[in-house]
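Read off the chains here:
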Amino acid sequence: MMSICSNRKSDKPDALDLSLRRSLPESRDRPIKPLLPPMIGCYIVAQRGVLTTNYLRELGGYLSQPEVSMRLNPQHFTVAKLMQSRLFRIPDYQRAYSWQQRQRADLFEDIREVHRTGRDHFMATVVGLARDTRSIDADEFSVVELVDGQQRITTLVILIKAIEKALHADDQIEGKVRDDLRRLLVKGDDHNLVLLQTNHDSSDVFASYVRDGEIRKDSIVTAADGNVVNAAVECEAFVAKWNDVGTLVELVATIRHKLSMIYHELDDEGTVYRVFEVLNSRGLDVRWIDKTKSQLLASIYEYVDKGSRSDGLHEMQNIWKDVYRKLGLDDGLGDEALRFAGTWSEEARPNRVLSEQDASAALLKAAGTKLATIVKAAAWLKLVVSKVVDLHSDQRRAAVTRIGQARFLAIAIMLRGFDEQTERMLLGAWERVTFRIFTLAGKDSRTKVGDYIRLGYDVLKNQMDANNILESLAELAEGFDIDDIIDENTWDEWYGGYNEEVRYLLFRYEEHLASENGVKINESQWAKVWATDPAKSIEHIMSQSSGKGYVHSLGNLTMLPPGVNSSLKDKPPEDKASRYVECGMNATMAVGRDIEGGLKWNKEAVQNRAAKIEAFVRTEWGD
């Protein structure tokens with residue numbers, strides 16, 4: 001049995017103390033409990049994580065402040081107790097459902113282990129903001145906004161629904177449990193009010209599953225929708241296999257009465273964000289962008305007078321709602337946007353992009369203590385997020401955006417505020433320099449880091465004009481003369497590790513041929529190419545199965561829409577020529593016409609085509 005709360009003043013460690021001490025190297029020489037003030041009387045334990053002595057001291061110190069302790073009553077609840085008489089909401093300014101298969105598999109394994117051993121299992125800390133009450137029939141429910149713990153609660157709700165679906169209505173015991181779960185998940189006769197209302201559920205994927213048990217794969221619009229659908233599928237699979245372990249009634253009892261959480265429910269928003277900040281500041285897996293949001297929100301409560309606080313909070317929440325909608329579930333983009341925004345917030349000219357932690361600190365320092373500057377810092381991050389996502393979404397530039405320092409400079413140009421034509425011209429120059437250095441010259445991501453970062457910083461901080469930016473871009477390319485980086489072996493092996501670069505180069509060559517012939521490129525066909533893995537569209541004119549030594553030469557590679565490419569596969573060039581002519585892509589059509597006109601596709605033909613592409617490369621990427 002796991003003891004959670006105690007007011008004993010003895011320093012003698014009990015079983016939980018010893019368990020904690022084994023997982024906390026810093027604390028093996030003394031009990032953990034005295035670090036928490038007596039008024040709290042609770043141990044805070046993190047699933048699969050490590051809580052340090054400093055973490056416990058900071059949490060205890062903050063929670064023992066008189067103005068906080070009056071409002072805080074941390075409670076140890078089983079899942080059944082937590083979900084009793086509460087309706088949970090996840091506000092729009094929180095991250096959407098992002099749990100993946102790995103996290104759900106961990107939860108399933110924990111449940112199996114709890115059932116096998118009979119021991120209680122502590123899952124996590126949940127922080128909620130009490131909003132109001134709601135009367136439904138003869139019952140009254142507290143409406144609570146989840147500030148922390150929403151991923152786990154969402155998964156548990158989906159799992160409970162999967163169990164409800166699997167229980168047999170005609171079995172007396174299972175039928176009763178099934179009805180109980182139904183009443184837990186859906187409140188009232190109209191079936192419109194569910195236990196948990198999630199954010200960003202515009203497609204109604206989550207609510208439909210909880211109400212009706214329908215997995216709406218055809219309604220997936222966002223990554224969050226896909227995660228909900230995957231969770232439902234995996235939970236139903238877990239439930240279906242449970243009969244190998246025990247009964248479904250036992251599964252319900254295990255989840256409701258053996259899984260537990262520490263629950264903090266407050267009615268003051270400022271305290272909620274401070275508690276969330278402290279809970280996630282030591283040893284827990286919370287992204288720095290989420291910590292930054294919490295700290296900015298908390299700053300409004302700490303520094304802004306009550307008269308302005310409400311409007312500021314509303315504006316801040318709208319900003320973060322937009323941030324999370326723009327990011328979707330790509331955590332990497334949020335991390336990068338935070339690092340970039342924080343780097344530009346620094347006064348000192350950098351040689352490297354700041355780490356997430358340092359970037360968060362820089363952004364918070366810039367936010368200061370005034371409402372205007374706090375909101376300005378959040379709005380700045382939102383703007384950077386928008387540009388980072390836009391650049392990432394531009395598949396046409398994927399070959400040049402793989403380099404981090406190059407992305408930093410490109411985002412600086414996008415943020416500079418030039419008119420559309422000037423921005424396009426500058427980004428074109430940036431593309432040419434970057435492709436020349438990192439693809440044609442074959443340099444890796446360690447090259448010119450400081451040069452790119454300092455220029456990216458100067459573009460914004462010094463408000464460089466277009467001409468100065470062009471001159472600085474030309475300086476980046478110094479030492480990479482086109483005659484020095486291209487030799488007779490440059491085009492020999494281009495397939496495999498350079499697929500993104502092949503697609504990019506052949507697209508640029510396509511643009512060149514279209515302009516030369518006075519025609520437009522086929523946008524619809526190229527849209528299909530950009531939407532898939534480049535390997536599915538790169539066509540070997542002489543097939544790979546031929547065993548020829550030149551099959552991976554750039555001169556033997558061309559582009560086809562994905563479906564056409566796979567259908568031709570190992571056919572010889574003369575059998576594919578007619579399909580080439582009909583494909584709608586200028587460079588490939590030209591190859592098809594040449595072969596139909598009698599050209600024998602051999603090593604010489606491949607070398608001749610490579611020479612034509614090289615002539616274009618020298619013009620496009622030369623000085």
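Residues numbered from 1 in each chain as written. Predicted model: local features only at pLDDT ≥ 70, side-chain atom pairs only at ≥ 80, totals over all residues. Heavy atoms only, no water.

1. Some points on the overall build of the chain
Test applied: Helix numbering and strand numbering both begin at the N terminus, where a helix is a DSSP run of H or I of at least 4 residues and a strand a DSSP run of E of at least 2. Throughout this description, buried means an accessible area under 20% of the type-specific maximum (1.4 Å probe, protein chains only), exposed means over 50%, and partly exposed covers the range between. Should any heavy atoms of two residues lie within 4.5 Å, those residues are counted as being in contact. Accessible surface area values rest on a Shrake-Rupley calculation with a 1.4 Å probe, where residue burial reflects the displayed protein chains alone.
In terms of regular secondary structure, the chain is built from 27 helices and 10 strands. For the chain, buried positions account for 54% of its 623 residues. Taking the intrachain contacts of the chain between residues at least 6 apart in sequence as the baseline, contacts between residues at least 24 apart amount to 71%. Carbon and sulfur atoms provide 45% of the accessible area of the chain, an area that totals close to 28,300 Å².

2. Regarding the nonpolar core
What counts here: Grouping buried Ala, Val, Leu, Ile, Met, Phe, Trp, Tyr and Cys residues that are joined through side-chain atoms within 4.5 Å yields what is termed a nonpolar core.
Membership of the largest hydrophobic core comes to 116 residues, with the highest contact counts inside it found for Trp 320, Trp 344 and Trp 430. Tallying contributions element by element places helix α16 (residues 371–393) first for this core, with 10 residues. The next biggest cluster of nonpolar side chains, apart from the first, holds 53 residues, and it includes Trp 99, Val 126, Ile 160 and Leu 185.

3. Section: empty space enclosed by the protein
Note the following rule: Here a cavity means grid points, on a 1 Å grid over the protein atoms only, where a 1.4 Å probe fits yet cannot get out; a pocket means an open set of points with protein on both sides within 12 Å along at least five of seven lines; lining residues are those with an atom within 4 Å of a point. Grid points are joined across faces, edges and corners, and a volume is the space filled by probe spheres set on the points. Residues are grouped as follows: Ala, Val, Leu, Ile, Met, Phe, Trp, Tyr, Cys and Pro are nonpolar; Asp, Glu, Lys and Arg are charged; all remaining types, including Gly, are polar.
Within the structure shown, the criterion is met by 2 cavities of 30 Å³ or more. The space that makes up the largest cavity amounts to roughly 110 Å³. Looking at the largest cavity, it is lined by 16 residues, and the ones nearest its centre are Tyr 97, Thr 198, Asn 199, Ala 224 and Val 228. Elements with a contribution of two residues or more to the lining of the largest cavity: α6 (150–166), α8 (205–212) and α9 (223–241). Classifying every residue of the lining of the largest cavity by side-chain character gives 7 nonpolar, 6 polar and 3 charged. The space that makes up the second largest cavity amounts to roughly 40 Å³. As for the second largest cavity, its lining consists of Leu 506, Glu 510, Trp 526, Thr 558, Met 559, Met 585, Ala 587, Thr 588 and Arg 609. Elements with a minimum of two residues in the lining of the second largest cavity: α22 (499–517), β10 (557–559) and α26 (586–596). A class-by-class count of the residues in the lining of the second largest cavity yields 5 nonpolar, 2 polar and 2 charged.

4. A short note on the sheet that holds strand β7 (residues 196–197)
Going by this rule: Only strands that DSSP links by at least two bridges are regarded as paired with each other.
The strand order β1-β8-β3-β4-β2-β7 describes an open sheet built from 6 strands, whose pairing is mixed. Either end of the sheet is taken by a strand with one partner, and the two such strands are β1 (75–78) and β7. Of the pairings in the sheet, the one linking β1 to strand β8 (residues 259–266) comprises 4 bridges and is antiparallel in character. Directly across from His 76, in β8, lies its bridge partner Ile 262.

5. Things to note about the environment of Ser 345
Rules: For the purposes of these results, a polar contact is taken to be a pair of N or O atoms within 3.5 Å, where, inside protein, one atom must be able to donate a hydrogen and its partner to accept one; residues adjacent in sequence count only when each atom of the pair is a side-chain atom.
Examined against the element boundaries, Ser 345 turns out to sit in helix α14 (residues 331–345). For the pair Ser 345 and Lys 461, spaced 116 residues apart in sequence, the C-alpha to C-alpha distance is 9.1 Å. Sequence-distant contacts of Ser 345, that is, excluding residues within four places in its chain, are made with Ala 362, Leu 363, Ala 366 and Trp 380. Polar side-chain contacts of Ser 345 include one of 2.8 Å to the backbone oxygen of Ala 341.

6. Some remarks on the pattern of salt bridges
Applied cut-off: What makes a salt bridge here is a side-chain nitrogen of Lys or Arg within 4 Å of a carboxyl oxygen of Asp or Glu, nothing more.
Here the structure, examined in full by the defined rule, presents 32 salt bridges. Here Arg 112 makes a salt bridge to Glu 109, at a shortest N to O gap of 3.3 Å. One end of the pair, Arg 112, and the other, Glu 109, are both in helix α5 (residues 101–117), 3 residues apart, so they sit about a helical turn from each other. With relative accessibility at 32%, the residue Arg 112 sits in the partly exposed group.

7. Details of unusual backbone geometry
Despite not being glycine, Ser 85 shows a phi value in the positive range, around 60 degrees. Relative to the helices and strands, Ser 85 is located in the loop between α4 (79–83) and β2 (86–89). Given a relative accessible area of 36%, Ser 85 falls into the partly exposed group. With phi around 50 degrees, Gln 463 is a residue other than glycine that occupies positive phi space.

8. Some words on α14
Selection rule: Helix span, as expected, comes to 1.5 Å for every residue beyond the first.
Taking 1.5 Å of rise per residue, the 15 residues of α14 would be expected to cover 21 Å, and the 21 Å separating its terminal C-alpha atoms lies within 8% of that figure. Counting buried positions along α14 gives 12 out of 15 residues, so the element sits mostly inside the fold. Taken together, the buried positions of α14 are Leu 333, Gly 334, Asp 335, Glu 336, Ala 337, Leu 338, Phe 340, Ala 341, Gly 342, Thr 343, Trp 344 and Ser 345. Elements that come into contact with the buried residues of α14 comprise α12 (288–303), α13 (306–327), α15 (356–367), α16, α17 (404–415) and α19 (449–461).

9. So, the packing of α5 against α6
Note the cut-off: Angles here are taken between N-to-C directions and fall from 0 to 180 degrees, while the axes themselves are lines fitted to C-alpha atoms, restricted in helices to the stretch in contact. Take the far helix as the reference: if the near one is turned anticlockwise from it by less than a right angle, the crossing is left-handed, and if turned clockwise, right-handed.
In contact at an axis separation of 11 Å, α5 and α6 are set at 65 degrees when each is read in the N-to-C sense. In this structure, α5 meets α6 at a crossing whose hand is right-handed. Residues Arg 104, Leu 107, Phe 108 and Ile 111 of α5 form the contact with α6, whose participating residues are Thr 155, Leu 156 and Leu 159. The residue inventory of the contact of α5 with α6, partitioned by class, reads 5 nonpolar, 1 polar and 1 charged.

10. With respect to the packing of aromatic side chains
Put simply, the test is: Under the pairing criterion, centres of Phe, Tyr and Trp rings, with the six-membered ring standing for Trp, must be within 6.5 Å; the plane angle then separates stacked pairs below 30 degrees from edge-to-face pairs above 60, leaving the rest tilted. Geometrically, a lysine NZ or arginine CZ counts as sitting over a ring once it is within 6 Å of the ring centre and also within 35 degrees of the ring normal.
Scanning the entire structure with this criterion turns up 18 aromatic pairs. Ring centres of Trp 344 and Trp 380 lie 6.1 Å apart, and the angle between their planes is 70 degrees; on these two criteria the pair is classed as edge-to-face. Here Trp 344, found in helix α14, pairs with Trp 380, found in helix α16; they are 36 residues apart in sequence, far enough to count as distant. Both rings, one in Phe 435 and one in Trp 621, keep their centres 4.9 Å apart while their planes meet at 35 degrees; by these two values the pair is tilted. Separated by 186 residues along the polypeptide, Phe 435 in helix α18 (residues 420–440) and Trp 621 in helix α27 (residues 603–621) bring together distant segments of the chain. Considered together, Phe 435 and Trp 621 belong to a single accessibility category, that of buried residues. Three or more aromatic residues joined by ring pairs form one cluster here, namely Phe 435, Tyr 504, Tyr 509, Phe 616 and Trp 621. Over the face of the ring belonging to Trp 288 we find Lys 291, whose NZ or CZ atom lies 4.1 Å from the ring centre.

11. A word on the pairing of strand β3 (residues 121–136)
Pairing between β3 and β8: 8 bridges, direction parallel. Paired with Leu 129 across the bridge in β8 is Leu 266. Bridging between β3 and strand β4 (residues 139–148) involves 9 bridges; their strand directions are antiparallel. Across the sheet, Arg 134 pairs through a bridge with Phe 141, a residue of β4. Between β3 and β4, which follow one another and run antiparallel, lie 2 residues, and Asp 137 among them has a positive phi close to 55 degrees.

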